[in-house]
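Structural overview for review
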Amino acid sequence: MSDIACIVLGSGSAVPDPDRGNPSQCIRIHDEVLLFDCGERTTINLIKAGIDPRGVDTLFFTHLHWDHIVDFGYFVMTTWNCGRRVPLRVYGPPGTKAMVEACVFGMHRTDVEYVRRYVAALPTHVTERPLSEPPLAVEEIDVGGIVRTRYGIVTAGAVEHHQRVGTPSVGFRVETPAGVVALSGDTRPCQAMIDLARGADVLVHDTAFLDEIIEARQMWSHSGPTGAGRVAQAAGVKTLVLTHLGPYTSCATAVEMGSMYYGVRRDPSIWEAIVAAAQREFDGEVLLGRDGLVIPLPRERADPC
Ligand SMILES: [Zn+2]
Ligand SMILES: [Zn+2]
């Protein structure tokens, strides 16, 4: 079995949902782990997936909305405090450096100073100790930017989310030795994502809202299952994974909190309806995202009979 896989860590939306964490995925390539976004529950869902968060050496942000970054401070502090040995390389669109600075050295300033003092006070014979500074290296990436990791090649492309209000957003194409994974982040269906996902084994795509909600509320900065299916079909991918899903069947408080965007509590058949809407547009495999879903690479494409 291949040790290369895409893993959905958080399959939910920006609405707090006990059943689904905020958006986050990782790609495991042998002993390398590439993390994409860092929504609430990312650190703990890595651990649940059997991945030591200290072993994640590269983190890519699609954009800086809170549901994609909120676990970042915890991820940095807890991996530093638990003995991370190599710097966490962070890539993201413009604004990423300022966000990291404000989060780690602003919001967590007290913690940073605490760990520095604690490390400095450790007796010299103690060899198992955190590094003396938060191990971080941050770079902002341009559209078309390419990052070479130990086993992968990651290309960023501009997607269409909330650019008009100043939120640069990118999707990623990740080439691994066992196939290609494309990750949309948050976006409406767009040509740039089709280009990024061309011929990919796996496309993990925004399916934030039901098609009728997008239409009724004019929420054109996200995709529904129909749009996600159309992108997958146009790109010729093998497997489409639907993610950024609402709390349709979660506990009553979560459903109520998200009701402005997701409506009332739904019957569990809503999930089949979402998958079916994507399948009407796409003749490949459609998977409903869930926290902890492992999608091994490479993917086989079933020949149509
Ligand atoms: Zn967003
Ligand atoms: Zn989002």
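Residues numbered from 1 in each chain as written. Chains lettered and ligands numbered in written order. Predicted model: local features only at pLDDT ≥ 70, side-chain atom pairs only at ≥ 80, totals over all residues. Heavy atoms only, no water.

With that settled, the discussion passes to the sheet that holds strand β4 (residues 56-60). If you walk across this open sheet you meet the seven strands as β6-β5-β4-β3-β2-β1-β14, and the pairing is mixed. The open sheet has two free edges, formed respectively by β6 (136-140) and β14 (293-296), since each of these has just one partner strand. Neighbouring strand axes in the sheet, compared pairwise and without regard to direction, differ in orientation by 20° on average. Both strand β2 (residues 24-29) and strand β3 (residues 32-36) contribute to a ladder of five bridges, which runs antiparallel. Within β3, the residue paired with Ile 27 across the bridge is Leu 34. (Pairing = 2+ DSSP bridges. Helix = DSSP H or I, 4+ residues; strand = E, 2+ residues; numbered from the N terminus. Axes fitted to C-alpha atoms, helices over the stretch in contact; angles between N-to-C directions.)

Within the first shell, the zinc ion (ligand 1) binds the protein through His 63 (NE2), His 65 (ND1), His 161 (NE2) and Asp 186 (OD), at distances of 2.1 to 2.4 Å. Along the chain, the residues that donate to the zinc ion (ligand 1) are spaced as H-x1-H-x95-H-x24-D. A separation of 3.5 Å is found between the zinc ion (ligand 1) and the zinc ion (ligand 2), which are bridged by Asp 186. (Donors = N, O, S within 2.8 Å, 3.2 Å for Na, K, Ca; no water.)

Attention now moves to the coordination of the zinc ion (ligand 2). All of the protein donors around the zinc ion (ligand 2) are Asp 67 (OD), His 68 (NE2), Asp 186 (OD) and His 244 (NE2); their distances to the metal are 2.1 to 2.2 Å. Here the zinc ion (ligand 2) binds four donor atoms, and the angle range of 89 to 163° at the metal identifies the geometry as irregular. In terms of primary sequence, the donors binding the zinc ion (ligand 2) are separated according to D-H-x117-D-x57-H. (Tetrahedral: all angles 85-135°; square planar, octahedral: opposite > 155°, others 65-115°.)

Our focus in this paragraph is helix α11 (residues 269-279). By the burial criterion, the buried members of α11 are Ile 270, Trp 271, Ile 274, Val 275, Ala 277 and Ala 278. Down the axis of α11, the buried side of the element spans an arc of 155°, and every buried residue falls inside it. Contacts from the buried residues of α11 go to α7 (211-217), α8 (225-235), β12 (239-243) and β13 (285-288). (Buried < 20%, exposed > 50% of the residue type's maximum accessible area, 1.4 Å probe, protein only. Arc of directions from axis to C-beta. Contact = heavy atoms within 4.5 Å.)

On to the pairing of strand β9 (residues 170-176). Of all the seven residues making up β9, six are buried; the element is thus mostly covered by neighbouring parts of the structure. Strand direction decides the pairing type here: strand β8 (residues 153-158) and β9, joined by six bridges, are antiparallel. Its bridge partner lying in β9, Val 154 is registered against Val 174. Sheet topology places β9 next to strand β10 (residues 179-183); five bridges connect them, and they run antiparallel. Following the sheet pairing, Thr 176 is matched in β10 by Gly 179. Linking β9 to β10, which pair antiparallel, is a turn of two residues.

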